[in-house]
Amino acid sequence: EAGVTQFPSHSVIEKGQTVTLRCDPISGHDNLYWYRRVMGKEIKFLLHFVKESKQDESGMPNNRFLAERTGGTYSTLKVQPAELEDSGVYFCASSQVSRRSYNEQFFGPGTRLTVL
Amino acid sequence: AQSVTQLGSHVSVSEGALVLLRCNYSSSVPPYLFWYVQYPNQGLQLLLKYTSAATLVKGINGFEAEFKKSETSFHLTKPSAHMSDAAEYFCAVSAALISNFGNEKLTFGTGTRLTIIP
């Protein structure tokens, strides 16, 4: 079974440009999470989808960030316009939705974004 | 609100020596606790988790961790380090499902990079 995949693995853009990151969750996983790690700091939660609905976007830094999950499958995270402080590694994770005590999140390899 | 503190951003141990990575947490609700490992160029992989069952949790690759509520700690240990253990380790906390159904977002520590000395 394929794991969580993310594209691209690396992206280098200039300040003011737009970048779109993509995440393909494990098939059948309705929960999808985005996290970000700025260099040297902790991995921080950005937002959570259940299917195509945003359940919690409390971690989104500002309105330059837009996440979508069309049809409840893959998700995109667009940064427009990008700023220097947006540089970091963006992780996506997915999990099943169930009433078990815990639904393990499976992480993708991340997209390393560098804004120059 | 929840938070995680990992003491030591870099830890070096000799091959065959004890590995001890420290994690302290803060949580206003019953916590679930996790250790993740990230090998170079790979995603985060779950090592082990505490979800309110046994306080001593065994994970993959010989790692284990003990939940100590009185000390708000969840330290990761391995009796004998192997070269393949070199990686970055993250401690994380989530609110227990009963108190936060549906959103199991993780709050992470800053990570500890483990180096194994031959």
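Residues numbered from 1 in each chain as written. Chains lettered and ligands numbered in written order. Predicted model: local features only at pLDDT ≥ 70, side-chain atom pairs only at ≥ 80, totals over all residues. Heavy atoms only, no water.

Visitor: Tell me about the overall build of chain A, and please be specific about residues and values.
Guide: Secondary structure summary: chain A contains zero helices and eleven strands in total. Helices and strands in chain A line up, N terminus first, as β-β-β-β-β-β-β-β-β-β-β. In terms of overall size, chain A behaves like a compact globule, its C-alpha atoms giving a radius of gyration of 14 Å where 116 residues would be expected to give roughly 13 Å. Referenced to the eigenvectors of the C-alpha coordinate spread, the extents of chain A come out at roughly 45 × 25 × 25 Å. Taking all 116 residues of chain A together, the buried fraction comes to 47%. Counting contacts in chain A only where the partners sit at least 6 residues apart, residues at least 24 apart contribute 52% of the total. Accessible area for chain A stands at about 5800 Å²; split by element, carbon and sulfur atoms hold 48% of it. (Helix = DSSP H or I, 4+ residues; strand = E, 2+ residues; numbered from the N terminus. Rg over C-alpha atoms; globule rule 2.2 N^0.38 Å. Buried < 20%, exposed > 50% of the residue type's maximum accessible area, 1.4 Å probe, protein only. Contact = heavy atoms within 4.5 Å. Areas by Shrake-Rupley, 256 points an atom, 1.4 Å probe, with all protein chains shown as cover.)

Visitor: Which residues make up the interface of chain A and chain B, and what values go with them?
Guide: Facing 24 residues of chain A, the contacting portion of chain B comprises 22 residues. Counting the surface lost from both chain A and chain B, the interface buries some 1900 Å², and carbon and sulfur atoms represent 55% of this. Looking only at chain A, the three residues that lose the most surface to chain B are I43(A), Y102(A) and F107(A), adding up to 31% of its buried area. For the interface between chain A and chain B, the tally reads two salt bridges. Secondary-structure elements contributing two or more residues to the side of chain A that touches chain B are β4 (31-37), β5 (43-50) and β9 (88-95) of chain A. Among the elements that take part in the side of chain A that touches chain B, β4(A) stands out by supplying four residues, more than any other. The class makeup of the residues in the side of chain A that touches chain B is eight nonpolar, nine polar and seven charged. (Buried area = accessible area lost by both parts, 1.4 Å probe. Salt bridge = Lys/Arg side-chain N within 4 Å of Asp/Glu carboxyl O. Nonpolar A, V, L, I, M, F, W, Y, C, P; charged D, E, K, R; others polar.)

Visitor: Please set out the packing of aromatic side chains residue by residue, giving values where relevant.
Guide: Given two aromatic rings, their pairing is described by the distance between the two centres and the angle made by the two planes. Residue and element names in this part refer to chain A. Enumeration according to the criterion identifies 14 aromatic pairs over all chains in this entry. Residues Y35 and F45 carry aromatic rings whose centres are separated by 6.0 Å and whose planes lie at 75° to one another, so their mutual orientation is edge-to-face. On the criterion of sequence distance, the pair formed by Y35 in strand β4 and F45 in strand β5 is long-range, its members being ten residues apart. Exposure class is identical for Y35 and F45. Each is buried. (Phe/Tyr/Trp six-rings, centres within 6.5 Å; stacked < 30°, edge-to-face > 60°.)

Visitor: Please set out the sheet that holds strand β6 (residues 56-58) of chain B residue by residue, giving values where relevant.
Guide: All names here are of chain B. Here five strands make up an open sheet; going across it, the order is β1-β3-β8-β7-β6 and the pairing antiparallel. With one partner strand each, in any of the chains shown, β1 (2-7) and β6 form the two edges of the open sheet. Pairs of neighbouring strands in the sheet enclose a mean axial angle of 20°, with direction left out of account. Bridge count for strand β3 (residues 19-27) against strand β8 (residues 73-78) is four bridges, and the pairing is antiparallel. Each bridged residue has a counterpart across the sheet, and for V19 the counterpart in β8 is K78. (Pairing = 2+ DSSP bridges. Axes fitted to C-alpha atoms, helices over the stretch in contact; angles between N-to-C directions.)

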